[in-house]
Amino acid sequence: MAGKNERSSSITNVAALANVSIATVSRVLSGKRGKDDDIARRVRAAAEQLNYSVNYAASSLRSDVTNSIGLVIPSATESFSAQLLDELEYAIDADAQQLLIGIGADRSAQTDRIESLLSRHVDGLIVVPGTETDLTETLDRHADSLPIVQIGGHQQSFKTSMVSIDESASMELIMRHLVERGSHAVAYMAGKEVSFESAELFTMFHTQVRSYRLVSHTDWNQFGERTVRTGIRLLDAPVLEGQRPDALVCADDAVAFGAMVALHTLGLRVPEDVRIVSFDDSPLAATTMPTLTSVHPPFEQIVSESLRLIASETGMPAHISLPPQLMIRESTGYANA
């Protein structure tokens, strides 16, 4: 009977009974976890109750700790991914671990990178999904074998943890600041119209417009790629015909820079005629003329929370939403940075 139970039980069953992660079960039963605490006692008791073989646990897929973390990002040059990579590499190096990186923008490429990193037996995985990239099936399939943390976007798997920025708070920060600077009419330059993230941010924009009783017209709002070229298209947009806005919210610093170029070409001054606020606080924001007010993602906290969730021994997924910071610069009238 014991042999039958031993074959039918799995490391997943032990983890569920002990209420810990699979990685913790593997570390405890293989002797790689030195603490003899309540967690260790629960794991051993669960393994004994299920007749789970300690030798099998020691040789299971995740029994060997590699001191490596995998990171999958859509691009190494896109601002958010690049700044995240810099912060994560610093934190990983300080912890004497290794960072293995996979780069891919679409579903197929990101799935391949995830599979490749898993084949190297990383101790945890951090994923930044590409725009409109659905990784649900892939993340669901591997969430039971190692800790996975998604950063940003809409949550794709409820089996994995997630760290995100409170976008609603971001938009509220922007609108409050513009109102304090005397703005009354606001236009919005968004990302791709078909993007879930863009649509969600656009909804928040309208919510805050109504909340602060600002003026905004449908034909003022534009959608496009998050590039300088999209901002320059402001030259041909109806947003500047007739009644025009005195403030412009851009979904990306590159778009905001393009908008600055367009406004200068038209003889309009920033911030005297039009104030501009953007997102991501990339290196570009501090080098434009005038410098750009932008929402700063808290990269240090994002990395800290992601690594904490990977190291967590509960095995329970969590969603952490972090508050942003508005870096106020010359494009809205004065600077604090």
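Every chain is numbered on its own, with residues counted from 1 as its sequence reads. In keeping with the predicted nature of the model, local features appear solely for residues at pLDDT of at least 70, side-chain atom pairs appear and are counted solely at 80 or more, and the whole-chain, interface and lining totals rest on all residues. Hydrogens and water are ignored here; the side-chain numbers use all heavy atoms of the structure.

This next bit is on the environment of Pro 283. Numbering goes from the N terminus for both helices and strands, where a helix is a DSSP run of H or I of at least four residues and a strand is a run of E of at least two. Within the element layout of this structure, Pro 283 appears in the loop between strand 9 (275-279) and strand 10 (293-296). A C-alpha to C-alpha distance of 9.1 Å links Pro 283 and Asp 253, two positions 30 residues apart in sequence. We call two residues in contact whenever any of their non-hydrogen atoms come within 4.5 Å of each other. Excluding anything up to four places from it in sequence, Pro 283 contacts Ser 79 and Gln 83.

Let us look at the sheet that holds strand 3 (residues 124-127). Taken together, the 6 strands give an open sheet; going across it, the order is 2-1-3-4-5-11, and neighbouring strands pair in parallel fashion. The sheet is open, and its two borders are formed by strand 2 (98-103) and strand 11 (319-322), each paired with just one other strand. Taking the axes of each pair of neighbouring strands and ignoring which way they run, one obtains an average angle of 20° across the sheet. Two elements, strand 3 and strand 4 (residues 148-151), share 3 bridges in a ladder whose sense is parallel. From the neighbouring strand, Val 127 faces strand 4, where its bridge partner is Gln 150. Sheet strands in contact with helix 6 (residues 79-94) are strand 1 (68-73), strand 2, strand 3, strand 4 and strand 5 (161-165), and its direction is about 160° off that of strand 2. Criterion used throughout: strands pair if DSSP finds at least two bridges between them. Where helices are involved, their axes are fitted lines through C-alpha atoms of the stretch in contact, as for all axes, and angles between N-to-C directions lie from 0 to 180°.

This next bit is on the confidence of the model for the protein. Scored from 0 to 100, pLDDT records how confident the predictor is in each individual residue. Put simply, the protein has an average pLDDT of 86, and 89% of its residues get 70 or more. Counting interchain partners and residues more than four positions distant, the pLDDT-below-50 stretch residues 1-8 has 7 contacts. Counting contacts from residues 55-63, a segment whose pLDDT is below 50, to residues more than four positions away or on other chains yields 21 contacts.

With that settled, the discussion passes to the packing of helix 2 (residues 11-18) against helix 4 (residues 38-49). Axis separation between helix 2 and helix 4 bottoms out at 9 Å; the angle between their running directions is 130°. The angle between helix 2 and helix 4 places the two elements in the oblique class. The two elements helix 2 and helix 4 meet at a crossing, and its hand is right-handed. Contact residues: Val 14, Leu 17 and Ala 18 in helix 2; Arg 42, Val 43, Ala 46, Ala 47 and Gln 49 in helix 4. The scheme is simple: roughly parallel for angles under 35 degrees, roughly antiparallel for over 145, roughly perpendicular for 65 to 115, oblique for anything else. Helix crossings get a hand from a simple test, with the near helix turned counterclockwise from the far one by less than a right angle marking a left-handed crossing and a clockwise turn marking a right-handed one.

What follows deals with the pattern of salt bridges. What counts as a salt bridge is simple: a side-chain nitrogen of Lys or Arg found within 4 Å of a carboxyl oxygen of Asp or Glu. Applying the stated criterion across every chain yields a total of 7 salt bridges. A salt bridge links Asp 281 to Arg 329, with the nearest nitrogen and oxygen atoms 2.8 Å apart. Note that Asp 281 is positioned in the loop between strand 9 and strand 10 and Arg 329 in the segment after strand 12 (325-327), a separation of 48 residues in sequence. One exposure class covers both Asp 281 and Arg 329, and it is buried. Three or more residues joined by partner-sharing salt bridges are found here, namely Glu 115, Glu 137 and Arg 141. The rule is simple: take the accessible area with a 1.4 Å probe, protein chains only, and divide by the maximum for that residue type; under 20% is buried, over 50% is exposed, in between is partly exposed.

Within the secondary structure layout, Ser 278 lies in strand 9. With sequence-adjacent residues up to four places away left out, Ser 278 is seen in contact with Ile 174, Cys 250, Ala 251, Asp 252, Asp 253, Ala 256, Leu 292, Thr 293, Ser 294 and Val 295.

Aromatic contacts are taken between Phe, Tyr and Trp rings whose centres are within 6.5 Å, Trp giving its six-membered ring; a plane angle under 30 degrees counts as stacked, one over 60 as edge-to-face, and the others as tilted. Applying the stated criterion across every chain, the model contains 5 aromatic pairs. Aromatic side chains Tyr 188 and Phe 202 sit 5.6 Å apart centroid to centroid with 15° between the ring planes, which places their arrangement in the stacked category. Highlighted residues: Tyr 188 in strand 6 (residues 186-190) and Phe 202 in helix 10 (residues 196-211), separated in sequence by 14 residues. With respect to class, Tyr 188 is no different from Phe 202; both count as buried. On the basis of an interplanar angle of 85° and a centroid distance of 5.0 Å, the ring pair of Phe 202 and Phe 223 is categorised as edge-to-face.

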